[in-house]
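Residue-level structural notes
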Amino acid sequence: MPAATTQAELLDVHDKEWSKLSALLEAVPDDLAEAKDADETSIKDILTHRAHWIGLFFQWLAEGEAAKMPDHGVKWNALKPYNAGLRKLYADVPWTEARANLAREAQRLRDWIAAQDEATLYGGPMPGGTGWTRGRYAEAAGPSHFRSAAKYVRARLKAAR
C-alpha cells in the first residue's frame, strides 16, 4: 500500500486502519488479551507498544521543532531489546487501560493530522528526522502500526479458535 501524500489520504488511512483494529479488539476476550504467545508477547503488549510509539512521534515532533535531534535510544537495529523493555515497562497496565490508552493516542494523532495543512504534513522533511515528512512519520506511528497490530490480533484470534 503506497504511503499517503495528502492530508485527506492520511486521514482516510488513519480512519480505515483504526476502524479495522477497533472492531477486532471488540472480539478479544479478556483472558486472550493478556495471554503470552511463544515470543512472550500478548495482544495487550501490542496495544501498549502502539500507544507508546504514537507518544514517541509527538516527542520527536516537538524536539525537532525545537531544533533538537531526537534520540530516545530507539535505533532500527535495536528494536527487539527496546520493545522488550516496553513490555516490562507496561507489564502492569490492565487490558482495559491499554485499550483506552491506544484509543486516546489514536484520537490525539487524528486530531493533530486534521489540524495541519498540506505544507506542514508534506512540504518537507520533519525537522530532526531522517528525511521523511511529518505526514509520513504520522502514518508510520498510527495507521501502519494499526495495520500490523490488526494482523497480529487476527492471528491470535484464529489460533485461539
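Structure report, in brief. This is a predicted model, so every value here is computed, not measured.

Quick notes on a negative patch on the surface
- Residues Glu 9, Asp 12, Asp 117 and Glu 118 make up a contiguous surface patch of negative charge.
- Looking at where Glu 118 falls in the secondary structure, it is placed in helix H6 (residues 118-122).
- You can call Glu 118 partly exposed: its relative accessible area is 38%.

Some remarks on the side chain of Arg 134
- Summarising the element assignment, Arg 134 is placed in helix H7 (residues 134-141).
- Among the polar contacts made by the side chain of Arg 134, one reaches the main-chain carbonyl oxygen of Thr 120 at a distance of 3.0 Å.
- Residues in contact with Arg 134, not counting those within four places in the same chain, are Phe 57, Leu 61, Glu 65, Trp 112, Thr 120, Leu 121, Gly 124, Pro 125, Met 126 and Pro 127.

With respect to the nonpolar core
- Counting residues in each nonpolar core, the largest one holds 44 residues, and the members touching the most others are Leu 21, Ile 43 and Phe 57.
- Listed by contribution, the elements that provide at least two residues to this core are helix H1 (7-26), helix H2 (30-34), helix H3 (43-65), helix H4 (79-89), helix H5 (95-115), H6, H7 and helix H8 (143-160).
- Looking at this core, the element that brings in the most residues is H3, giving 11 residues.

Details of the environment of Ile 113
- Position of Ile 113 relative to the elements: it lies in helix H5.
- As a C-alpha pair, Ile 113 and Gly 142 span 29 residues in sequence and 11 Å in three-dimensional space.
- Excluding residues that lie within four positions of it along the chain, Ile 113 makes contacts with Gln 7, Leu 10, Leu 11, His 14, Leu 121 and Ala 138.

Definitions and cut-offs
Residues numbered from 1 in each chain as written. Predicted model: local features only at pLDDT ≥ 70, side-chain atom pairs only at ≥ 80, totals over all residues. Heavy atoms only, no water. Patch = residues over 30% accessible without salt bridge, like charges linked within 9 Å, V, L, I, M, F, W, Y side chains within 5 Å. Areas by Shrake-Rupley, 256 points an atom, 1.4 Å probe, with all protein chains shown as cover. Salt bridge = Lys/Arg side-chain N within 4 Å of Asp/Glu carboxyl O. Lys, Arg positive; Asp, Glu negative; His and termini not counted. Charge placed at Lys NZ, Arg CZ, Asp CG, Glu CD. Helix = DSSP H or I, 4+ residues; strand = E, 2+ residues; numbered from the N terminus. Buried < 20%, exposed > 50% of the residue type's maximum accessible area, 1.4 Å probe, protein only. Polar contact = N/O pair within 3.5 Å; in protein donor to acceptor, adjacent residues only side chain to side chain. Contact = heavy atoms within 4.5 Å. Core = buried A, V, L, I, M, F, W, Y, C linked by side-chain atoms within 4.5 Å.

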